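# Close look at the chain arrangement
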Amino acid sequence: MAKFAESIARFSKVLQSRFEVIRETASDSDVKGHLNEKIVAKFLQDTVPNWFVSTNSQLLDAFDRMSDETDVAICNQYQAFCQPEGGILIIDGVDLVVQVKAILDDTELDRAFSNCLTVKNLKRSFRVGETVFAPQSMPTDWYVYTPYIVLAFSSKLKGETLHQRLREKSDPVELPNQPDALFVLDRGLSFINCRDGRGTDWKQKDELCKGWIKMESGESTLFEFIRFMNQNVSYVLRQRPPLSLYFPSKVDYPITSLVPEEAE
């Protein structure tokens, strides 16, 4: 595995360099507002499989529930409304959500948990015969929830403090409604939510990890961010476009039918 580990280390540096180039390019542009979201969206568009990447959008499910504004949504081929910015997206056309924080502190962490809840309250819908590809240990009733990841450029909170805050803020929240991961670039930290041991494959001494785990990932933090999205996000193979699930089953329009007169 030595050669594989070396290739991963090299690729992590490539990712970091690519990300820095995008940041510098964006900083020199005339784009105003939501700059950090645009930087992350551009990076993900170039790095993670997607149909398109949307920023500052709200998500809607087939039960007419809507989320607060999300920073970055990775959309799949079933997304009906291809709006790259500030639009309404159906949750069944979104693979995952990334919330971006320029500077993470306790207040911003509260906001991330609150925003996460509005996304997790939405439920993806499935028809009989459709296939979900998910982590092997994930309970089937968790398939309806959309993964939610927080990416912070920097943090005022040190690693141990942030780890403790994640535990405290997660305690009163039901397991599926909690954020799935948090990555802090300047401190080189990766936090993964293993919940009750189901849904992820992180192990320590051959036992599944539970709760929030902290990894000092250093320069590989961006790589861990990408790896998480490839290994811990469920994907759906659908038989029909999911937008049909959003239409009412019947309408109350006046209907006129022209029936030919019966022959005498």
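Our structure's up above, just so we're on the same page.
Cut-offs applied
Residue positions are given per chain, counted from 1 along the sequence in the order it is written. For a predicted model such as this one, the threshold for reporting local features is a pLDDT of at least 70, and the threshold for listing and counting side-chain atom pairs is 80 or more; totals across whole chains, interfaces and linings nevertheless cover every residue. Only hydrogens and water are set aside when side-chain values are computed; all heavy atoms of the structure are taken into account. Only one rule defines a salt bridge in this text: a Lys or Arg side-chain nitrogen within 4 Å of an Asp or Glu carboxyl oxygen. Type-normalised accessible area, obtained with a 1.4 Å probe on protein chains alone, sets the label of each residue: buried when under 20%, exposed when over 50%, and partly exposed for intermediate values. Only the stretch in contact is used when a helix axis is fitted, and all axes are lines through C-alpha atoms; the angle between N-to-C directions ranges over 0 to 180 degrees. In this description a helix means any DSSP run of H or I spanning at least four residues, a strand means any run of E spanning at least two, and both kinds are numbered starting from the N terminus. Orientation categories follow fixed angle ranges, with anything under 35 degrees roughly parallel, anything over 145 roughly antiparallel, 65 to 115 roughly perpendicular, and all other angles oblique. Take the far helix as your reference; a near helix turned counterclockwise from it by less than a right angle gives a left-handed crossing, and one turned clockwise gives a right-handed crossing. Between two residues, a contact is recorded if the distance between any of their heavy atoms is within 4.5 Å. Throughout this entry, Asp, Glu, Lys and Arg are counted as charged residues, while Ala, Val, Leu, Ile, Met, Phe, Trp, Tyr, Cys and Pro are counted as nonpolar. The remaining residues, Gly among them, count as polar. Helix span, expected: 1.5 Å multiplied by one less than the number of residues in the helix. A 1.4 Å probe that fits into a set of points on a 1 Å grid over the protein atoms alone but cannot get out defines a cavity; an open set with protein on both sides within 12 Å along at least five of seven lines defines a pocket, and lining residues are those with an atom within 4 Å of a point. Grid points are joined across faces, edges and corners, and a volume is the space filled by probe spheres set on the points.

## Thoughts on the pattern of salt bridges
Following the criterion strictly, the structure yields 16 salt bridges and no others. Between E130 and R127 there is a salt bridge whose closest N-O contact spans 3.7 Å. By relative accessible area, which is 13% here, E130 ends up buried. Salt bridges linked by common partners bring D92, R127, E130 and R238 together as one network.

## Points about the packing of helix α2 (residues 35–47) against helix α5 (residues 221–231)
Interhelical geometry of α2 versus α5 gives an angle of 60° and a closest axis separation of 12 Å. Here α5 runs oblique to α2, going by the angle between their axes. As for how α2 packs across α5, the hand of that crossing is right-handed. Between α2, through F43, L44 and T47, and α5, the contact on the second element is made entirely by L222, F225, I226 and M229. Counted by class, the contact of α2 with α5 contains six nonpolar, one polar and no charged residues.

## Focus on helix α3 (residues 106–120)
Its 15 residues give α3 an end-to-end C-alpha distance of 21 Å, which sits within 8% of 21 Å, the value for a rise of 1.5 Å per residue. Buried within α3 we find E108, L109, A112, F113, N115, C116, T118, V119 and K120. On the buried face of α3, the contacting elements are β1 (52–60), β2 (70–75), β4 (94–104), β6 (148–155) and α4 (159–170).

## Considering empty space enclosed by the protein
Throughout the structure, instances matching the rule amount to two cavities of 30 Å³ or more. By volume, the largest cavity amounts to about 200 Å³. As for the largest cavity, its lining consists of 17 residues, and the residues nearest its centre are K120, M138, W142, D180 and R195. For the lining of the largest cavity, a count of residues per class yields six nonpolar, six polar and five charged. Residue lining of the second largest cavity: I192, W202, M215, E224, R227, F228, Q231 and N232, and that is the complete set. In terms of residue class, the lining of the second largest cavity is built from four nonpolar, two polar and two charged.

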